[in-house]
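# Summary of structural features
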Amino acid sequence: MPGVHGTDTQGYRKWLQAEELSQPDSLPDVKRHQHKARLSADLASAALDTAHGVLGVAEIAAAHAPGCGALEVIAAGGAVSAPFLVGLAGALQWAGAGIEGDELNAALHRDASLEAALNLGHDGLGAQYADFARAERDRIEAEYAQDSSAHALMVGTAARVVDDVCRGLGGLPAAKAEVSAAVGDGIRLAQNKAFGGPADVAAMERLNPSFRERYETDPAFHLGVDAVVWRAGHPAPAVPPQQSN
C-alpha cells in the first residue's frame, strides 16, 4: 500500500514516535479525568473507613454479648474483613498512582510528539494544508489554555524531541526533510484512498494492521492523514476567476 511503509523505516522514528495517536485526550484532559476519579476514590475510601468502624463496633458488641448468633457472625467477619478492607484500599491507591502516572506520561508524549512533528514537518503540509496546520496549532493552544504548567511541560518536551531528531539526523534541514517526507506519505495515502472523514480512517485501521501501526505510532504520518481528513471537512474557499481587462 503506497505510503504505509515509506519513510517509517528512516531514523527519525528513533526519537519521534508515540502510542495511540488518535486518542483524543490531551494532557490537561487526562489531568481533569484523574482529578474527578480521585474525588470518587476519596468517597470510596471514606466508605471503607465507615465500614471499618462499623465492623469494629460489631466486634465490641460481640465481646460484651457472647452467644448472640448474629453478632458473633458479624464479629467473626469483622476480624477478617476490616484488615482486608484497609489492605485493599492501600493496594488500590498504589495501583491507581501507577496507572495515573502512565496515563499522564502517555498523554504528554503523545501531545509533544505531535507538536514536534508539526514543527519539523510543516513543509510537508505545504500551502494546500496550511489551514490545517493553523487549526492544529489553535487546537493545541485551546487544549492547554487553562493549564499553563502543563503547556510549559509539553512545549519543553516537544523542544527536546526536536533537538534529538536534529542531532540524530545531522541537523535541522535533514530533520525537516525526513519528517516532511513522512507527512507526505500520509497525505498521499489518504488522498489515494479518498478519505473523507474519521470513519474512513477507522475502517482502514480495522482492515490494515500496517496502516494502523504507523498511523497510531508515527506522528508525522498521522498528521499527513489527518490533514486530508480535515480538508475534506473544511473545503478550501474557491478562488474567484481573474477578470481580463
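The following refers to the structure shown. Source: prediction; values computed, not measured.

Parameters and conventions
- Residues numbered from 1 in each chain as written.
- Predicted model: local features only at pLDDT ≥ 70, side-chain atom pairs only at ≥ 80, totals over all residues.
- Heavy atoms only, no water.
- Helix = DSSP H or I, 4+ residues; strand = E, 2+ residues; numbered from the N terminus.
- Buried < 20%, exposed > 50% of the residue type's maximum accessible area, 1.4 Å probe, protein only.
- Contact = heavy atoms within 4.5 Å.
- Phe/Tyr/Trp six-rings, centres within 6.5 Å; stacked < 30°, edge-to-face > 60°.
- Salt bridge = Lys/Arg side-chain N within 4 Å of Asp/Glu carboxyl O.

### Topic: the overall build of the protein chain
- Assigned secondary structure in the protein chain consists of nine helices and zero strands.
- Along the protein chain, helices and strands appear, N-terminal first, in the series α-α-α-α-α-α-α-α-α.
- Within the protein chain, the fraction of its 245 residues that count as buried is 37%.
- Put simply, 79% of the contacts in the protein chain that link residues at least 6 apart link residues at least 24 apart.

### So, unusual backbone geometry
- Backbone geometry at Glu 20 places phi at a positive 50°, although glycine is not the residue there.
- Summarising the element assignment, Glu 20 is placed in the segment before helix H1 (27-64).
- Here the phi dihedral of Ala 194 falls at roughly 55°; this positive angle occurs in a residue that is not glycine.
- With respect to the helices and strands, Ala 194 occurs in the loop between helix H6 (172-192) and helix H7 (198-207).

### Description of the packing of aromatic side chains
- Under the definition given, this model contains four aromatic pairs.
- Ring centres of Phe 211 and Phe 221 lie 6.0 Å apart, and the angle between their planes is 70°; on these two criteria the pair is classed as edge-to-face. In this pair, Phe 211 sits in helix H8 (residues 209-217) while Phe 221 sits in helix H9 (residues 219-233), placing the two residues ten residues apart along the sequence.

### Side note on the pattern of salt bridges
- Tallied over the entire structure, the rule returns 14 salt bridges.
- Measuring nitrogen to oxygen at the nearest pair gives 3.8 Å for the salt bridge that ties Asp 123 to Lys 176. Residue Asp 123 is found in helix H3 (residues 122-125), and its partner Lys 176 is found in helix H6; the two are separated by 53 residues along the sequence.
- Lys 176 sits in the partly exposed class, given a relative accessible area of 29%.
- Salt-bridge contacts for Asp 164 lead to Arg 167; the nearest nitrogen and oxygen are separated by 2.6 Å.

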